[in-house]
Amino acid sequence: MSVIHFGTDGWRGRIGREFTFEKVRTASQAFAAFLSKHHPRKGSLVVGYDRRFLADQFAKSASEVLVGNGFKVLFFSKPVPTPLVSFTVHQTKALGGMVLTASHNPAEFLGMKLKDATGASYDARGTEAVERLLSHTRPRQMPFEEGRRRKRITLLGPGRTNYISSLHRRLDPSFFKKRPLKILVDCLHGVTGNFAQAAFSIGSLRLEILHGERDVLFGGHPPEPIREHLGELVRKMKNGRYDIGLALDGDGDRLAAVGPGGLFLSPSEIFAIVLFHLVEKRRLRGKVVRTVSCSSLVDRLAASYGLPLEEVPVGFKHIASRMKTDPDFLLGGEESGGLGFRGRLPERDGLLSALFLLESLAAQGQTVNQILGMLKKRFGSFETDRIDLPYPKEGWAKLVRRLRREGRRLLPDGEFLGFRERDGLKLVGENRWLLFRMSGTEPLLRIYAEGRSQREVKRLLEKGKNFALKGRSR
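Notes on the structure follow. (Residues numbered from 1 in each chain as written. Predicted model: local features only at pLDDT ≥ 70, side-chain atom pairs only at ≥ 80, totals over all residues. Heavy atoms only, no water.)

Moving on, we come to helix 1 (residues 21-38). Under the 1.5 Å per step criterion, the end-to-end length of helix 1 is 26 Å for 18 residues, consistent within 8% with the ideal 26 Å. Turning to helix 1, the residues buried within the fold contact strand 1 (11-14), strand 2 (44-49), helix 2 (55-68), strand 4 (96-100), strand 5 (109-115) and helix 4 (124-132). (Helix = DSSP H or I, 4+ residues; strand = E, 2+ residues; numbered from the N terminus. Expected span 1.5 Å × (residues − 1). Contact = heavy atoms within 4.5 Å.)

Next comes the structure, spelled out in structure tokens:
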């Protein structure tokens, strides 16, 4: 049996290979045992799932184990966004939740995310505690239909109304009255296909949806909202008929955006635009937290307004941890497109992020291209990007040693300022950086770069890739 490991945000594996019904039951038993230690009187847990192949059946199997251990289960009868599961945990005062999803991974993958009582993903201490309980006890189960008959399992509808209303309450409708916006939303065949229409029914927004229907193959590419997967959205944005294009990942907790003319915005640029709006138009203040892979544009903007900024490792759970312990955090963001907001759950939400971005456009009365251009003029032009390489985890330590010896030559002569080790190894220069880290969910080496132009970033990534591959082939 391959190891069950909860990485950056959950455990994931290929369906029928690493991810099987037996392992789902084993993981569910460990989660139930972990919760039983802290909540001996038991209580309710929320279980949801995405649109992937067999996701509903895996969710039922997990629920049978949770019920078999004495918990009640609130079970979504249809695929739902991960943020809705988090919202429901909070609304129902459940002990936690579980989502059967592989988020942005390819179609052959499925996964499991665990949520605590706040709706946030468990931090490393929590997931490591669950992992220590794996295989300690044979899974105890109650058949799903028996659980329903005994009223231990309650079926939930999609829950759109309360959830969408909670998103709309965070907005200022006066901004949307100032400017009608025509938006194009690519749901990438994920769970937001059934939620986007309701979410964007506010003010004078006009909406067109791409890929809102279910497709377990996700159109032939992973449901990750990155430039390479948004060809149709970019093409349609080039024709000038829309104010902005939005894209949401497979389970609805991350956002990407495309401006008029097909301009792809990096997640850090979306982060900066939303932060600028909250400070300038909403007149809000507070701390900012970002992952180590975010752009320096966010740092410059926060510094200009005197907003304290903290850096945390990759993974939104690290942002959530800070937002849970310190209510003064105004906004938290990550390189992969997740944003979290003060006063909301300590968790990312793609639909809410999209709504705040739209509010930013409406309030500014400018195109997203113009807003971004203004920010770069004021705070500096920074471009970021990332590449992923299949890479054996056992080769990571060797790569780090080589980077320490020879890595400074990857940056321009005289530019290297030092290393940072908050997550992976980051080579820092005066106006650019290069970050190497292993994925927490897949056998991939992620290489991130920032520079003053896309051409420079591409060159840095190519140098980083060649350096890593050379070491791998030795």
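Scanning the entire structure with this criterion turns up 11 aromatic pairs. Ring centres 5.5 Å apart and planes at 80° place the aromatic pair Phe34 and Tyr122 in the edge-to-face group. Taken as a pair, Phe34 in helix 1 and Tyr122 in the loop between strand 5 and helix 4 lie far apart in primary sequence, 88 residues in all. The class of Tyr122 is buried, set by a relative accessible area of 12%. Sitting over the face of the ring of Phe144, Lys60 holds its NZ or CZ atom 5.2 Å from the ring centroid. When the ring centre of Trp433 is taken as reference, the NZ or CZ atom of Lys426 above it lies at 4.2 Å. (Phe/Tyr/Trp six-rings, centres within 6.5 Å; stacked < 30°, edge-to-face > 60°. Buried < 20%, exposed > 50% of the residue type's maximum accessible area, 1.4 Å probe, protein only. Lys NZ or Arg CZ within 6 Å of the ring centre and 35° of its normal.)

In terms of nonpolar packing, the biggest core is built from 69 residues, with Phe200, Ile244, Leu246, Val274, Leu357 and Leu358 touching the most fellow members. In terms of nonpolar packing, the next biggest core, distinct from the first, is built from 37 residues, Leu35, Leu100, Tyr122 and Ala129 among them. (Core = buried A, V, L, I, M, F, W, Y, C linked by side-chain atoms within 4.5 Å.)

All right, on to the sheet that holds strand 2 then. Reading across from one edge, 1-5-4-2-3-6 is the order of the six strands in this open sheet, with mixed pairing throughout. A strand with exactly one partner marks an edge of an open sheet, and here the two such strands are strand 1 and strand 6 (153-156). Adjacent strand axes in the sheet meet at a mean angle of 15° when their direction is disregarded. When strand 3 (residues 72-76) meets strand 6, the two strands line up parallel, connected through four bridges. What sits directly across from Phe75, in strand 6, is Leu155. In the packing of helix 1 onto the sheet, contacts are made with strand 1, strand 2, strand 4 and strand 5, and the angle to strand 5 comes to roughly 5°. (Pairing = 2+ DSSP bridges. Axes fitted to C-alpha atoms, helices over the stretch in contact; angles between N-to-C directions.)

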